[in-house]
Amino acid sequence: MTKRIIRVRRRKKKKKIRLIAALLFLITLMAGGGFYYVTQVYTAAFEGLDRGDKSDLREEAVDAQEDPISILLMGVEDYSTDGQAGRADTQIVLTLDPDTNKMTMTSIPRDTLVDIPASKVRQKYAGSHKINAAYTLGEVTGYGAEKLTVETVEDLLEIPIDKYATVNFDGFIEIVDLLGGVTVDVKESFWERSSIDYYKKIEFEKGPMKMDGEEALAFVRMRKRDVAVSYPRDERQRQFIKAGIDEALSPGTLFKIGEMKDVIGKNVSTNLTPGEMLSLRKAFSSDRTSVDTLEIDGENKRLNDGLYYFVPDEESLEETKRNLKKSLDLPVPEDKTYEDPIN
């Protein structure tokens, strides 16, 4: 079993928000109301990467409606910096094959050790960093927050990242409340502190529960209660994704598109086109869609600078790279064998 070192952190009134659910949920919302509504949201949220129409690791551009693509989903925490130079504390690589309706989700631990070269940032910032710092460094050096994060993930996983979507979690509560809440079947009872009021405990009882934004945020972020072992955060986030998508695709959501556009415009940026958003909507809403979760094993190590980093297990990282390449229909090296969780 992989050894893990748990760091004790000082409690803060406002905890860092790391939500897989919010990213997929908001992207699906963008595609929830047909082409006209997608175009409205696209106008509010679109932001390119200043690299042309493809990754440098692609020979030619891909079409999300016809080809397997990869999307880097980023959740940015910037409340502690007044909206400036935040950290991408949540990073998930999503791959989607429109022919097979097969998706993979790969979470990249925010403390993953990476090397950021001086060719992309000033010399004083170059060297070893936690991967969540790439967003910060890209912004403060003028290289581009999303661009540097995308390229750092490409270097780590050795795959092209075709598209990205970034969400500032300040808008998460507002989105859920605009939907009128989301109903989730809670599998095990637990409690979590509110992100709005640290001294407020939110109770989750086993069974169906309609959650407002504040409650939904607590539900998907909880990770330190004892029940997190048997009812882990990833499982709760997947539950919320499914429930949130059902609500987002309901007819009543169409009448709220103006309000949704305003919230998304303030809190989301992406280089997904309207057609690609519609492809995501089709994939998410299809009964044939299968979702596989890939994980990178490793351990937390304290390095010479006194900080703890997540250091990936080499064999696990190589296996993840192989499976991601396979999901993108890219050449896969044959010099090693591995168990394929995708098929």
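Preceding block: the structure.
Draft legend 1. Up close: the overall build of the protein chain. Looking only at helices and strands, one finds 10 helices and 14 strands in the protein chain. Each of the 343 residues in the protein chain was classed as buried or not, and the buried ones make up 53%. Sequence-distant contacts in the protein chain: of pairs separated by 6 or more residues, those separated by 24 or more amount to 66%.

Draft legend 2. Layout of the pattern of salt bridges. Under the counting rule described, the total for this entry stands at 11 salt bridges. Glu158 is the partner of Lys321 in a salt bridge, and the nearest nitrogen-oxygen pair spans 3.2 Å. Of this pair, Lys321 sits in helix H10 (residues 314-327) while Glu158 sits in the loop between helix H4 (145-157) and strand E6 (163-168); the two residues are 163 residues apart in sequence, bridging distant segments of the chain. Note that Glu299 is salt-bridged to Lys301, the shortest N-O span being 3.9 Å.

Draft legend 3. Main features of the environment of Lys120. As for its placement among the helices and strands, Lys120 is situated in the loop between strand E4 (113-116) and strand E5 (127-130). In contact with Lys120, not counting residues within four places along its chain, are Thr141, Tyr143, Leu148, Glu151 and Asp155.

Draft legend 4. Inspection of the packing of aromatic side chains at higher detail. Counting across every chain of the model gives six aromatic pairs. Both rings, one in Phe190 and one in Phe204, keep their centres 4.8 Å apart while their planes meet at 25°; by these two values the pair is stacked. With Phe190 in strand E8 (residues 190-193) and Phe204 in strand E9 (residues 201-204), this pair connects stretches of sequence that are 14 residues apart. Accessibility expressed as a relative area gives 0% for Phe204, which makes it buried. Here the aromatic rings of Phe190 and Phe219 are separated by 6.1 Å at their centres, their planes lie at 25°, and the arrangement is stacked. Placement of Phe190 in strand E8 and of Phe219 in helix H6 (residues 213-221) is noted, with a sequence separation of 29 residues between them. Accessibility expressed as a relative area gives 0% for Phe219, which makes it buried. By the ring-pair criterion, three or more aromatic residues cluster together here, those being Phe190, Phe204, Phe219 and Tyr231. It is Arg193 that lies over the ring of Tyr198; its NZ or CZ is 4.4 Å from the centre. Residue placement shows Arg236 over the ring face of Phe190; its charged tip is 5.4 Å from the ring centre.

Draft legend 5. Summary view of helix H3 (residues 133-140). For H3, the tally of buried residues reaches six of eight residues, placing the bulk of the element in the interior. Gly142 sits one or two residues past H3 and shows a positive phi near 85°.

Draft legend 6. Here's a closer look at the side chain of Asn132. Residue placement: Asn132 occurs in the loop between E5 and H3. Take Asn132: its relative accessible area is 6%, and that puts it in the buried class. Apart from residues no more than four positions distant in its own chain, Asn132 is found in contact with Arg87, Ala88, Asp89, Gln91 and Arg110.

Draft legend 7. Region of interest: H10. Here H10 is 14 residues long and its end C-alpha atoms lie 20 Å apart, about the 20 Å a rise of 1.5 Å per residue gives. As for H10, its buried residues are in contact with strand E2 (87-97), strand E3 (102-107), H4, strand E12 (290-294) and strand E14 (308-312). The N-cap residue of H10 is Asp313: its side-chain oxygen and the backbone nitrogen of Glu315 are 3.2 Å apart. In the stretch just after H10, Asp329 is the one whose phi turns positive, near 60°.

Draft legend 8. Spatial organisation of the side chain of Glu192. Tracing the backbone through its elements, the reader meets Glu192 in strand E8. In this structure the side chain of Glu192 is engaged in a polar contact, spanning 2.8 Å, whose partner is the side chain of Arg225.

Draft legend 9. Local environment of the packing of H3 against H4. Following both chains from N to C, one finds H3 and H4 inclined at 140°, their axes separated by 7 Å at the closest point. Compared by their axis directions, H3 and H4 come out oblique. Seen along the crossing, H3 lies across H4 with a hand that is right-handed. Packed against H3, whose contacting residues are Ala134, Tyr135, Leu137, Gly138 and Glu139, the element H4 presents Ala145, Glu146, Leu148, Thr149 and Thr152 at the interface. Counted by class, the contact of H3 with H4 contains five nonpolar, three polar and two charged residues.

Draft legend 10. Representation of the environment of Glu299. For Glu299, the location among the structural elements is in strand E13 (residues 298-302). For Glu299, a relative accessible area of 25% translates into the label partly exposed. Considered as a pair, Glu299 and Asp313 are 14 residues apart in the sequence and their alpha carbons are 7.4 Å apart.

Draft legend 11. Region of interest: unusual backbone geometry. Backbone geometry at Asp50 places phi at a positive 55°, although glycine is not the residue there. As for its position among the elements, Asp50 is in the loop between helix H2 (34-45) and strand E1 (69-77). Given the relative accessible area of 71%, Asp50 is considered exposed. We note that Asp329 has phi near 60°; this positive angle belongs to a residue other than glycine. Structurally, Asp329 is set in the segment after H10. Assessed through its relative accessible area of 64%, Asp329 is described here as exposed.

The rules behind each value
Residues numbered from 1 in each chain as written. Predicted model: local features only at pLDDT ≥ 70, side-chain atom pairs only at ≥ 80, totals over all residues. Heavy atoms only, no water. Helix = DSSP H or I, 4+ residues; strand = E, 2+ residues; numbered from the N terminus. Buried < 20%, exposed > 50% of the residue type's maximum accessible area, 1.4 Å probe, protein only. Contact = heavy atoms within 4.5 Å. Salt bridge = Lys/Arg side-chain N within 4 Å of Asp/Glu carboxyl O. Phe/Tyr/Trp six-rings, centres within 6.5 Å; stacked < 30°, edge-to-face > 60°. Lys NZ or Arg CZ within 6 Å of the ring centre and 35° of its normal. Expected span 1.5 Å × (residues − 1). Polar contact = N/O pair within 3.5 Å; in protein donor to acceptor, adjacent residues only side chain to side chain. Axes fitted to C-alpha atoms, helices over the stretch in contact; angles between N-to-C directions. Parallel < 35°, antiparallel > 145°, perpendicular 65-115°, else oblique. Left-handed = near helix turned anticlockwise from the far one by under 90°. Nonpolar A, V, L, I, M, F, W, Y, C, P; charged D, E, K, R; others polar.

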